[in-house]
Amino acid sequence: MNENYVVPAVALVVVATILVGAFGLRISRTTSDFYVASRTVGPRLNAAAISGEYLSAASFLGIAGLVLVQGPDMLWYPVGYTAGYLVLLLFVAAPLRRSGAYTLPDFAEARLASPAVRRLAGAFVVGVGWLYLLPQLQGAGLTLAVLTDAPDWLGGVIVAAVVVATVAAGGMRSITFVQAFQYWLKLTALLVPALFLVLAWQGDGAPRHAFDEPATFREQRVVRVDDSLDLKLDRPLDVTASGTIDGRRYQDQRVSLSAGTHRVERGTRLTFTEGDAVPVADRGSNGGMSTSLAAGREERPLYATYGLILATFLGTMGLPHVVVRFYTSPHGVAARRTTVVVLALIGAFYLLPPLYGALGRLYAPELTLSGDADAAVLLLPERMIGGLGGDLLGALVAGGAFAAFLSTASGLTMAVAGVLTQDVLPSRGVRQFRFATGLAMVVPLAVSALAGGLPVADAVGLAFAVSASSFCPLLVLGIWWHRLTPPGAAAGMLVGGGSALVAVAATMAGYPGGGPLHALLAWPALWSVPLGFLTMVLVSLATPGKVPAGTSAILARFHLPEALAGGQAHGAATEIEAGADSWRRVRTRGNG
Amino acid sequence: MGTGELTGFLAGLCVAVLPMLAAGFWLGRRTARQRSLGGLGTPVEHATFETLHTASLAAPPLRAGLTEETARKSARRLRTLLGTDALCLTDDQAVLAWDGVGEHHRAEITERLLGPLETGRGEAFRLKCDEPDCPLRWAVVAPLTVDDRVHGALVACAPGESAVLVRAAGEVARWVSVQLELADLDRSRTRLIEAEIKALRAQISPHFIFNSLAVIASFVRTDPERARELLLEFADFTRYSFRRHGDFTTLADELHAIDHYLALVRARFGERLSVTLQIAPEVLPVALPFLCLQPLVENAVKHGLEGKAVTAGGKSHISITAQDAGAEALVVIEDDGVGMDPALLRRILAGEGSPSGGIGLCNVDERLRQVYGDDHGLVIETAVGAGMKITARLPKYQPGVHSGGRLPRE
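Note that this is a predicted model, so its numbers are computed, not measured.

Thresholds, definitions, all that
Residues numbered from 1 in each chain as written. Chains lettered and ligands numbered in written order. Predicted model: local features only at pLDDT ≥ 70, side-chain atom pairs only at ≥ 80, totals over all residues. Helix = DSSP H or I, 4+ residues; strand = E, 2+ residues; numbered from the N terminus. Buried ≥ 20, exposed ≤ 12 C-beta atoms within 10 Å, placed from the backbone. Contact = placed C-beta atoms within 7 Å. Domains from an automatic or database assignment. Expected span 1.5 Å × (residues − 1). Arc of directions from axis to C-beta. Pairing = 2+ DSSP bridges. Axes fitted to C-alpha atoms, helices over the stretch in contact; angles between N-to-C directions. Core = buried A, V, L, I, M, F, W, Y, C linked by C-beta atoms within 7 Å. Parallel < 35°, antiparallel > 145°, perpendicular 65-115°, else oblique. Left-handed = near helix turned anticlockwise from the far one by under 90°. Nonpolar A, V, L, I, M, F, W, Y, C, P; charged D, E, K, R; others polar. pLDDT = per-residue confidence, 0-100.

## Regarding the overall build of chain A
Across its full length, chain A carries 24 helices and eight strands. Each of the 592 residues in chain A was classed as buried or not, and the buried ones make up 56%. Restricting the contact set of chain A to residue pairs at least 6 apart, pairs at least 24 apart contribute 82%.

Next comes the structure, spelled out in C-alpha cells:
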C-alpha cells in the first residue's frame, strides 16, 4: 500500500479530531442568541455521538476479518453489537437517565445508597474499561503495521499519546461534536469505498462464491507466512515454495504436498497458481482480530454462539463510555429516543463490514493464511481497484480506522479516568484528572506491549462478558426489582463479574488446552450472567433487612416521566405554569 | 508458538492480577476493621477493652433513634454486654426486639411494663412460666429516659434474682439513654440545617423589582410592544424565583432565568452592558441548587457597571461560560468592572461583611458548600480595578441532588 497517501490521511484524522474537540464550542454568543447557545443536545446528535464512541476497531476491521476467515456464522457479532442497544432501550435507557447518575458507580450509589457498592462498581468500570482499551491499542498497531512498515507497537503508542494529550489538556471539551463527527467519518470511510468496490465487483462479472466451499485463488499469488502454521489439506496441492515445509528447506522449488497436515515455518513464501483452493491454516495464536484463542468454537459452535449472543446483548449496557453519554440527554424520553436513533445508525453501519468480508473472501483469500485477515478492509481497495483511485480509497479507509481507535479510546479513557479520580485516587482537582488520564492509558498500553500476541476479538468479547455478568444484573435488578439490597448487589457483581474475569484470565493464560471446559471458560457469559443474577437475587432475599430506606421513592423517580414526578407533589405549581404557557402562546401569535 | 503462549500467559496474568488485587484490598479493609482488639494488656484491661468495644458496636444503630430495626441490631450487642439469657428493648407501648431465648414471655413483659414506664423507676419481678425447661425466671426492667421523659425500657431476663444484674441493667439503660439523647440531638441538628437551607434560599432583591417596574413603565408610552415583552420577561423571571417546589433545578432552567434577568437589566442599561455566553450542551442537564448562579450574574452586573460613569460612556462586559469537565461542570462568570479588595471579599465570605456588598456571594457560597461539601465552594479571583472572575464547580451527580422534575425546554 502506498504510504504517501495513508500517512497524510491518518494525520488529517488526528488533526481534525483535535480541532473539532478544541474549537467545536469556542464560538461565543451574545445574549440575543441565547436560545441557540443553551440548546440541549438533541437525540440525533447524541445518537451519532454514542455510535461514534461505540464503533471501535473490532467493528471497523475485525468483523470483516471474521467473516472472511470463518464465514457467515460470524454475522452474530454485528447482530449482537446492535441488539445490545435494543435491550438497553427496553430496560435501562430512560430509568438510567432519570436516576440522574453520570457514571455506573453513581447509579449504584443513587439506587443503593452504599459507598461500598459504589467503590466495587468503580473497580469493575476500570477493569472493563482496561479490557476494552487493550484491543483498541493493538488494533491501531496492527493497522499501522499493515499499511506502512512501522513496528507493531507504534500505532498503539500514537493513539495513546494523542488521546492522553487531548483529554488531559482538556481538549475534549466538545466531546459530543467530536464523537458525532467520528461516526460520520467512519460511515463515510466504509460506505464510499464500498460503493466503488461493488462497482468493481460488477465490472468483474459479479462472481459468486458459496461460503461453505473453500475459497480459491483468482490469480497467481505469493503468500508470505509470518508465523509458523499447520496447513490442513483435503487433497494434494502443488505449490512453489521457498522456505521450510515439514522440516525440509526449499528454494523456489515446485513441491507436491499430499493430503494431510503440513508444518510451514515462518518466513516461508508459497506461490499459489490460479484456481488453487486456499488451504485451511491452523495456528496457535496470532495478533489478528479475527482469529480467536477460543478456537473451541469449532468444537461447540452452538454453545459458543449462544455465549457470544448473551455477552453482546447484555454487555452493551455496562460499557462505561456508553453509559456516560446518556447523561447528555435532557430527560428520560429523550434518552429513549436517542437509543432508537442509535439502533438505526449502528444498524446501517454494520451492513458494510460483512460486505468487505464477503468481497475479501473472493479477492484476498490468502489473508486467512498470512494471518492478517483484519487487514481485509484496508487492502481491498488497492487489490480490487488499484492505481491512484485505489490508493485514495485505501487512505480513506485507513483514516476511518484511525477515527475508530481514537474515538473509542478517548471515550473509554475519559470514563476510566473519571472513575479513577472520583473513587480511587484520594483528592480531587484538575491535576488529579490529568494524572488519572495517564494512568488509565498506561496500564492497557503496558499490557499490550507485554502481550503483543493477544487476540483482539477475544479481548472485546471478554470485556462484554465481564460487563454483562456484573453491570447487567446491577442495572436490570436495580431498576426493576425493589427488593435488591446492597449486600446482594455487591455479592452478585463479585460472583458474576469476578467469575467471568477469572474465566477470561484462564483463557488468556491458555490454561485448559481444549475440550468442553475450554469452551466454557472461553465463552463465560452463558453461565456467568445467570450466576450473577442468581447470586444477586438470593443474597438480596437473604438480607431483607438491608433494603435501603426510600427505595419506593427512588424507583418511582426512575420510572415516572419527569413532568409527572414533579407535578404529582406540586399540582398547584404546574397549574400556574400551564397558565403561563398559554400566555406565551398568545404572545407568539401577537408577534407573528 | 512458544512466544505466542508466553505472551498469552502474560496477558492472562495481568488480567488475573487485577481482580485479585481488588479482592485483596477489599478483604484487607474488612479484616483491618474487625481486628481492632489485640492481645494488649492484662486480663482485666483486656476485659475492659472487650466491654468498651461491644458498647461501641451497639452505639451506631441507637444513634438513629429507637425503632424496631435499630432495637433489633443493638439488642444483640447489649445482651453480650450484660451476659444474660435474654434481653429485650421496648418503646413506651410494646416490645420492639427480643434477643435470646424465651420469646413466649413477650406478652407478659408488655403487661408488666406499664408500672415502671409510669413511674420511671426500675423494677425486678418474677416471671410466670409453664414451660419446665425455660431458663427465664426473673426479669429486670430499667427504663430509658430522654429529657426526663420515659421513652422505653430495657428488660434483662435471668434464671435467678441477682443484685449485680439489676445494677448492671441500670447502668446499661443509662448508657442507652445517653445514646438516644444524642440521636435526638442529631435529629434537631438535621432540622436546623434544613431550616438553614430554606432560609438561605436565595431571594429576589426588592431593588430589582422596583428598577424593573420603573424601566417597564418608561417604555409603556414610547414603545408599548417592548414594554409588553419586558413584562413577560419579568413574569417569567418572578415565576421562576417564586416557585416553591424542589430545592434544585437544572443548569438549563437556571440559564433561562438568567436570560430573563439580563433582558430586564439591558433594558435599563442599554448599550453599556454586553454579555457573551459559551455553554457546552453536555452540561445543561446538570442539577444544581435553585437560583445559585443568578446572584453571581447580578453581582457581576453591579460590579461591572459600578464606577463607570454614564457620561464617560463606560461599557461593561460580562462573560458566562459553562464547560464540561469530566464528572463536573465548570461555570465561570467574569466581569471587567471595579473588582474588589481580596481582604474585604474574605470578610464578606466569612459572613462579616457589609450587608450591601456581597450578601448574594456569601449566600451562594454557603449553599454550595452545604450541598456539595466544603471543597465545592466558590473560587473568586479579583483585585481592585481588575474585574472579578467567579468559578463554581458543580458535580454532575451528587446523592440527593436531582432537579425538581421540570423538563428543560428544548
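There's plenty left to go through after this.
## Focus: the overall build of chain B
For chain B, the count of helices and strands is eleven helices and twelve strands. For chain B, the proportion of its 410 residues judged to be buried stands at 39%. Contacts in chain B between residues far apart in sequence, at least 24 positions, make up 63% of those at least 6 positions apart.

## Quick word on the domain arrangement of chain A
Domain parsing of chain A yields domain 1 (3–25 + 42–202 + 286–542) and domain 2 (221–277). With centres defined by C-alpha atoms, the gap from domain 1 of chain A to domain 2 of chain A works out at 37 Å.

## A closer look at helix 7 (residues 224–242) of chain B
Residues and elements named next belong to chain B. With 19 residues, helix 7 should cover 27 Å at 1.5 Å per step; its first-to-last C-alpha distance of 26 Å lies within 8% of that length. Buried residues of helix 7: Leu230, Phe234, Phe237 and Tyr240, and no others. Seen end-on, helix 7 carries its buried residues on one side only, within an arc spanning 130°. Facing away from the buried side of helix 7 by more than 90 degrees, the exposed set consists of Pro224, Glu225 and Phe242.

## A look at the sheet that holds strand 4 (residues 138–146) of chain B
All names here are of chain B. Across the sheet, which stays open at both edges, the five strands sit in the order 2-1-5-4-3 with antiparallel pairing between neighbours. If you trace the sheet from one side to the other, it starts and ends with strand 2 (95–100) and strand 3 (123–126), each paired once. Adjacent strand axes in the sheet meet at a mean angle of 20°, parallel and antiparallel pairs treated alike. Pairing between strand 1 (residues 86–91) and strand 2: five bridges, direction antiparallel. Across the sheet, residue Ala86 finds its bridge partner in strand 2, namely Gly100.

## Focus: the nonpolar core
Residues Val159, Ala376, Leu380, Ala398, Ala401 and Val416 of chain A are the most contacted members of the largest nonpolar core, which totals 175 residues. Apart from residues lying up to four places away in sequence, Ala401 of chain A is in contact with Ala57, Phe60, Leu61, Thr143 and Leu378 of chain A. Formed by 56 residues, the second largest nonpolar core is a distinct cluster that contains Leu230, Ala252, Leu378 and Ile390 of chain B.

## A few points about the environment of Val495 of chain A
Residues and elements named next belong to chain A. Secondary-structure assignment places Val495 in helix 19 (residues 486–508). Among the residues examined, Val495 registers 21 C-beta atoms within 10 Å and is labelled buried. Sequence-wise, Val495 and Phe533 are 38 residues apart; in three dimensions their C-alpha atoms are separated by 9.4 Å. Contact partners of Val495, with chain neighbours within four places excluded, come to Leu531, Gly532 and Thr535.

## A closer look at the domain arrangement of chain B
Domain boundaries assigned for chain B yield domain 1 (47–197) and domain 2 (201–395). A C-alpha centroid distance of 55 Å is found between domain 1 of chain B and domain 2 of chain B.

## As for the packing of helix 6 (residues 206–222) of chain B against helix 8 (residues 251–269) of chain B
The description of two packed helices rests on the angle between their axes and on the distance between the axes. All names here are of chain B. Their axes nearest at 10 Å, the elements helix 6 and helix 8 cross at an angle of 60°. If you check the angle between helix 6 and helix 8, you find them oblique. Between helix 6 and helix 8 the crossing geometry is left-handed. Between helix 6 and helix 8, the residues in contact are Asn211, Ser212 and Val215 and Leu264, Ala267 and Arg268, respectively. Classifying every residue of the contact of helix 6 with helix 8 by side-chain character gives three nonpolar, two polar and one charged.

## Focus: the confidence of the model for chain B
All names here are of chain B. Confidence in the prediction for chain B averages 80 pLDDT; 83% of positions are at 70 or higher. In the model of chain B, helix 1 (residues 2–34) stands out as the element of lowest mean pLDDT, 59, in contrast to strand 12 (residues 388–395), which has the highest, 91. Long-range and interchain partners of residues 405–410, a stretch whose pLDDT sits below 50, account for 19 contacts in this model, where long-range means more than four residues apart. Among the prediction metrics, the complex's ipTM stands at 0.78, with pTM recorded as 0.76.

## With respect to the confidence of the model for chain A
Any region with low pLDDT has predicted coordinates that should not be read closely. Residues and elements named next belong to chain A. With 82% of its residues at a pLDDT of 70 or more, chain A has an overall mean of 79. Ranking the elements of chain A by mean pLDDT puts helix 24 (residues 571–591) last with 37 and helix 21 (residues 525–542) first with 94. Confidence drops under pLDDT 50 across residues 284–297; counting only partners more than four residues distant or on other chains, this segment forms 61 contacts.

## Here's the deal with unusual backbone geometry
Residues and elements named next belong to chain B. Look at Asp147: it is not a glycine, yet its phi comes out positive at around 50°. Examined against the element boundaries, Asp147 turns out to sit in the loop between strand 4 and strand 5 (149–158). Judged by the 9 C-beta atoms lying within 10 Å of it, Asp147 falls in the exposed class. The backbone of Asp148 shows a phi angle near 65°, a positive value even though the residue is not glycine. By the secondary structure assignment, Asp148 is in the loop between strand 4 and strand 5. Owing to 6 C-beta atoms within 10 Å, Asp148 belongs among the exposed residues under this scheme.

## Here we look at helix 9 (residues 294–305) of chain B
Taking 1.5 Å per residue as the helical rise, helix 9 of chain B with its twelve residues ought to reach 16 Å, and the 17 Å between its terminal C-alpha atoms agrees with that figure. Residues of helix 9 of chain B that are buried: Gln294, Pro295, Leu296, Val297, Glu298, Asn299, Ala300, Val301, His303, Gly304 and Leu305 of chain B.

## Here we look at the packing of helix 9 (residues 175–203) of chain A against helix 15 (residues 376–384) of chain A
All names here are of chain A. Across the interface, helix 9 lies against helix 15 with an axial gap of 10 Å and an inter-helix angle of 45°. Our classification of the angle between helix 9 and helix 15 gives oblique. Regarding helix 9 and helix 15, the two cross each other, and that crossing is left-handed. Contacts between helix 9 and helix 15 involve Pro193, Leu197 and Ala200 from the first element and Leu380, Pro381 and Met384 from the second. For the contact of helix 9 with helix 15, the residue count by class is six nonpolar, no polar and no charged.

## Describing the environment of Ala121 of chain A
All names here are of chain A. Within the secondary structure, Ala121 is located in helix 7 (residues 115–147). Note: C-alpha distance between Ala121 and Leu474 (353 residues apart in sequence) is 9.2 Å. The residues touching Ala121, leaving out its near neighbours within four places in the chain, are Leu104, Pro105, Ala108, Leu474 and Met493.

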